[in-house]
Amino acid sequence: MSVVEQSSIGKYLSLIKFSHTIFAMPFAMIGFFLGVKQSATGINWILFVLVVLCMVFARSAAMAFNRYIDRKFDEANPRTAIREIPAGIISANAALFFVITNCLLFIITTWFINPVCFFLSPIALAVVLGYSYTKRFTALCHLILGVGLSLAPIGAYIAVTGHFAVLPVLYSLTVLFWVGGFDIIYALQDEEFDRSQGLHSLPAALGTTNALRLSSLFHLLSAAAVISAGLLATFGMIYWTGVVVFIALLVYQHSLVKPNDISKVNLAFATTNGIASVVFSIFVLIELLK
């Protein structure tokens, strides 16, 4: 079935790359069940559903807004010209309406969680939507994306407990540097295009070799954060097995992409990181629920 023949739902799922929810959602689950464990309460499944909905609405709004704001660049870039808006599959106005709808649903959902989440919801939206503008003025846009996704574990934790804590912040730092690192790898595909359009990215600013080195540094910091979280929580062998797998997959993705060969970027970006997120979260949740 061609893209044009997809259902309306399928078109919007493609617009927001719904499958990429796999990056942040597992860390939201870590934050949620960490909150359950530390508050010594039973699992509130209604609250669980609300947290999942918040993740879906916030990410859907952010991705659709990114596609809406970048539609002219996407049209000019051969790699992205087939995306829904430049290809005429979804109109720009329809995408903007989709953004607004998801923002409202996100705020309404936080109202049913607790006052802290509700009052912080506009700030969360400002971060995840604001990312779309950052490539216009800073090469650190990859870290801004990381900040947006890093809200998942701390946000889910606050949904359960109503307050901040150090441990979920460490998982947020894990996500920040993990996402920042793999987004640099993804951006290698558009290094020359970004330069030609005056857009900012670390590959465009530093070149492929130095950008990959910085990506490795970010992933080293991500590994340090996840190790620090385990030490702080005094987790057992199950957790540390997950840490080994997570770090091994970080190392593996860097073996796939070389300065003179970026042909395996999609394998490194989507497949490897998706597996890393899911597998690590499974080990952590087993540790928390045992």
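Just so it is clear, the structure is predicted and the values come from calculations on it, not from any experiment.

Criteria and thresholds
Residues numbered from 1 in each chain as written. Predicted model: local features only at pLDDT ≥ 70, side-chain atom pairs only at ≥ 80, totals over all residues. Heavy atoms only, no water. Phe/Tyr/Trp six-rings, centres within 6.5 Å; stacked < 30°, edge-to-face > 60°. Helix = DSSP H or I, 4+ residues; strand = E, 2+ residues; numbered from the N terminus. Buried < 20%, exposed > 50% of the residue type's maximum accessible area, 1.4 Å probe, protein only. pLDDT = per-residue confidence, 0-100. Contact = heavy atoms within 4.5 Å. Disulfide = S-S within 2.5 Å. Expected span 1.5 Å × (residues − 1). Polar contact = N/O pair within 3.5 Å; in protein donor to acceptor, adjacent residues only side chain to side chain. Patch = residues over 30% accessible without salt bridge, like charges linked within 9 Å, V, L, I, M, F, W, Y side chains within 5 Å. Areas by Shrake-Rupley, 256 points an atom, 1.4 Å probe, with all protein chains shown as cover. Salt bridge = Lys/Arg side-chain N within 4 Å of Asp/Glu carboxyl O. Axes fitted to C-alpha atoms, helices over the stretch in contact; angles between N-to-C directions. Parallel < 35°, antiparallel > 145°, perpendicular 65-115°, else oblique. Left-handed = near helix turned anticlockwise from the far one by under 90°. Nonpolar A, V, L, I, M, F, W, Y, C, P; charged D, E, K, R; others polar.

Colleague: Sorry, what's going on with the packing of aromatic side chains here?
Modeller: Aromatic rings in a pair are described by how distant their centres are and how their planes are angled relative to each other. Taken as a whole and assessed by the stated rule, the structure comprises 23 aromatic pairs. Here Phe33 and Phe48 contribute two aromatic rings whose centre-to-centre distance is 6.0 Å and whose plane-to-plane angle is 50 degrees, an arrangement assigned as tilted. Of this pair, Phe33 sits in helix α2 (residues 25-39) while Phe48 sits in helix α3 (residues 45-69), placing them 15 residues apart in sequence. Side by side, Phe33 and Phe48 carry an identical accessibility label, which is buried. Seen in terms of ring centroids, Tyr239 and Phe280 are 5.9 Å apart; in terms of plane orientation they differ by 65 degrees. Their pairing is edge-to-face. In this pair, Tyr239 sits in helix α12 (residues 237-256) while Phe280 sits in helix α13 (residues 265-289), placing the two residues 41 residues apart along the sequence. Of the two residues, Tyr239 and Phe280, neither departs from the other in class, the shared state being buried. Aromatic ring contacts, followed pair by pair, group Phe23, Phe27, Trp178, Phe182, Tyr186, Phe235, Tyr239, Trp240, Phe246, Phe269 and Phe280 into a single cluster.

Colleague: Just checking my understanding: could you explain the confidence of the model for the protein for this structure?
Modeller: Reading predicted coordinates in detail is not appropriate for stretches of low pLDDT. On average, residues of the protein score 93 in pLDDT, and 98% of them reach the 70 mark or higher. Here residues 1-6 scores under 50 on pLDDT; set against residues more than four positions off or in separate chains, the count is six contacts.

Colleague: Quick question: what am I supposed to make of the state of the cysteines here?
Modeller: Counted under the stated rule, the structure contains zero disulfides. Its sulfur unpaired, Cys117 is 7.0 Å from the next cysteine sulfur, which belongs to Cys54. Exposure remark for Cys117: the relative accessible area of 12% places this residue in the buried category.

Colleague: Would you take a moment to explain α3 for this structure?
Modeller: Since the α-helix advances by 3.6 residues per turn, residues separated by three or four positions end up pointing in the same direction. Over its 25 residues, α3 extends 36 Å from the first C-alpha to the last, a length consistent with the 36 Å expected when each residue adds 1.5 Å. Burial analysis of α3 places 19 of its 25 residues in the buried class, the great majority of the element. Between the side-chain oxygen of the N-cap and the backbone nitrogen of Ile46 there are 3.1 Å, and the N-cap of α3 in question is Asn44.

Colleague: What am I meant to see in a nonpolar patch on the surface here?
Modeller: Together, Ile100, Leu104, Ile108, Trp111 and Phe112 make up an exposed nonpolar region whose accessible area comes to about 570 Å². Residue Phe112 is classed as exposed on the basis of its relative accessible area of 55%.

Colleague: What should I look at first to understand the packing of helix α7 (residues 141-161) against helix α8 (residues 166-187) in this one?
Modeller: The description of two helices packed together rests on the angle between their axes and the distance between the axes. Packing of α7 against α8 leaves a shortest axis separation of 7 Å and a crossing angle of 150 degrees. Taken together, α7 and α8 sit at an angle that is classed as roughly antiparallel. Between α7 and α8 the crossing geometry is right-handed. Residues His142, Leu143, Leu145, Gly146, Val147, Leu149, Ser150, Pro153, Ile154 and Tyr157 of α7 pack against Pro168, Val169, Tyr171, Ser172, Val175, Leu176, Phe177, Val179, Gly180, Asp183, Ile184 and Ala187 of α8. In terms of residue class, the contact of α7 with α8 is made up of 16 nonpolar, five polar and one charged.

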